[in-house]
Amino acid sequence: MQHSRNREKLVSEIELFVSYGVQKNEQQAALLFLQRYKKDDLALQLMKSFYTSLPETYEEAVCRIAFIEKKDDIFLLGLNTALHGYLYLATDQKALLLGEYGEELLEPKALTLFGYPDLKEFLEKYPSLAKCSDYEPEQFADPGFCPVCSAVTGEYHIFGCPVEVCPWCEGQFSRCGCRFEQLGVEMLEEEEELDELERLLVEKGRIPYASWQCPSYPSVKDEEDGQDE
Ligand SMILES: [Zn+2]
Ligand SMILES: [Zn+2]
């Protein structure tokens, strides 16, 4: 598989950076830590970014990755070495250093993506990385299919699947009001109404399954929606 070959390549690149960049007495710990995350693209991108840029803390090993928040495919993560903490944006394609934790950011606008107008407000919610939970390996790995109707990534859900995203309002199609609005009715009662709804949905353009729709993935949106899943 192309994907896993790329991942292996990434792991050996990071091993190389560790052996050149990290001080001798921390190398073994750095490599063990890497092993733990060797199947997690997001963590690998994060470590690659850290070890290739070695910000200020030249020669320190990564000893912890913390999960802060995610928005769709973009993660806000913390990275700890023995003496420092950093804030990163990451996807499974690349990672971007935002700055040392608690200090002014290199990309001040990045936090607005997560609904924080500025660093001050962000730090009020997350005063320290120690309070954030560990980012577990493959915690957010794409299962490759919808957990409810089993549509694979890129395919349409089975009509009626609660994970399907509404193309009109981008909410949850089985719960938003768009179906009534589109049909001009107050309630769905007839079989024909469902057929008509499916026709309208296809005409509008259905949104195929993608991992970010998975309801088990914590996101700001889920918190707003409450616990009624
Ligand atoms: Zn589905
Ligand atoms: Zn809708």
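Residues numbered from 1 in each chain as written. Chains lettered and ligands numbered in written order. Predicted model: local features only at pLDDT ≥ 70, side-chain atom pairs only at ≥ 80, totals over all residues.

### Quick notes on the overall build of the chain
Counted only if it meets this: By definition, any uninterrupted DSSP run of H or I lasting at least four residues is a helix, any uninterrupted run of E lasting at least two residues is a strand, and each is numbered from the N terminus. Residues with at least 20 other C-beta atoms within 10 Å of their own are called buried, those with 12 or fewer are called exposed, and the rest are partly exposed. The C-beta atoms themselves are positioned from the backbone. The contact criterion used is a C-beta to C-beta distance within 7 Å, with each C-beta placed from the backbone.
Counting its secondary structure elements, the chain contains seven helices and five strands. Secondary structure elements of the chain occur, N-terminal to C-terminal, as α-α-α-β-β-β-β-α-β-α-α-α. Among the 229 residues that make up the chain, the fraction classed as buried is 23%. Restricting to contacts in the chain with at least 6 residues of sequence separation, those with at least 24 account for 49%.

### Focus on unusual backbone geometry
Non-glycine residue Asp72 carries a positive phi angle of around 55°. Position of Asp72 relative to the elements: it lies in the loop between β1 (64-71) and β2 (74-80). In the Ramachandran plot, Ser150 falls in the positive-phi region, its phi being about 70° despite a non-glycine side chain. As for its placement among the helices and strands, Ser150 is situated in the loop between β5 (133-134) and α5 (178-183).

### Some details on the sheet that holds β5
Our working rule: The pairing criterion for strands is at least two bridges between them, as found by DSSP. Axes here mean lines fitted to C-alpha atoms, for a helix over just the part in contact, with angles spanning 0 to 180 degrees between N-to-C directions.
Pairing is antiparallel across the open sheet formed by five strands, whose spatial order is β4-β3-β2-β1-β5. The open sheet terminates on both sides in strands that have one partner only, identified here as β4 (95-100) and β5. Note: strand β3 (residues 85-90) against β4, five bridges, orientation antiparallel. Residue pairing across strands places Tyr88 opposite Leu97, the latter belonging to β4. Taken strand by strand, helix α3 (residues 41-53) contacts β1, β2, β3 and β4, and its axis lies near 60° from that of β4.

### Comments concerning the nonpolar core
Inclusion rule: Connectivity within a nonpolar core runs through C-beta atoms within 7 Å, and the core itself is a set of buried Ala, Val, Leu, Ile, Met, Phe, Trp, Tyr and Cys residues.
Judged by nonpolar contacts, the single largest core of 35 residues is most densely connected at Ala43, Leu46, Met47, Leu77, Leu79, Tyr88 and Ala90. Residue contributions to this core peak at seven residues, all from α3. Setting aside residues up to four positions removed in sequence, Ala90 forms contacts with Leu42, Gln45, Leu46, Phe75, Leu77 and Ala95.

### Notes on the pairing of β3
Counting buried positions over the six residues of β3 gives five, a clear majority of the element. Relative to β3, β2 runs antiparallel, the two sharing six bridges. Looking across to β3, one finds that Leu76 is bridged to Leu89. In textbook terms, the turn of a hairpin is the stretch between consecutive antiparallel strands, and for β2 and β3 this stretch comprises four residues. What sits between the antiparallel neighbours β3 and β4 is a turn of four residues.

### Observations concerning α3
The line we're drawing: For a helix, the expected span equals 1.5 Å multiplied by the number of residues minus one.
Along its 13 residues, α3 runs 18 Å from first to last C-alpha, staying within 8% of the 18 Å computed at 1.5 Å per residue. Considered for burial, the residues of α3 that qualify are Asp41, Leu42, Ala43, Leu44, Gln45, Leu46, Met47, Phe50 and Tyr51.

### A word on helix α6 (residues 191-204)
The terminal C-alpha atoms of α6 lie 20 Å apart, and with 14 residues this matches the ideal 20 Å at 1.5 Å per residue to within 8%. Just past α6, the residue Gly205 takes up positive phi, approximately 110°.

### What about the confidence of the model for the chain?
The predicted coordinates of low-pLDDT regions are not to be read in fine detail. Applied cut-off: Confidence scores labelled pLDDT are given residue by residue by the predictor and lie between 0 and 100.
Scored by pLDDT, the chain comes out at a mean of 88, with 90% of its residues at no less than 70. No element of the chain has a lower mean pLDDT than helix α7 (residues 220-225), which averages 43, and none a higher one than β2, which averages 96. Confidence drops under a pLDDT of 50 for residues 217-229, and excluding neighbours within four residues, the segment shows eight contacts in the predicted structure.

### A short note on the environment of Tyr20
For Tyr20, the position within the fold is in helix α1 (residues 2-21). On the neighbour-count criterion, Tyr20 (9 C-beta atoms within 10 Å) is exposed. Linking Tyr20 and Glu59, residues 39 residues apart in sequence, is a C-alpha distance of 8.9 Å.

### A look at the environment of Lys131
As for its placement among the helices and strands, Lys131 is situated in the loop between α4 (119-125) and β5. Through-space distance from the C-alpha of Lys131 to that of Ile68 is 9.5 Å; in sequence the pair is 63 residues apart.

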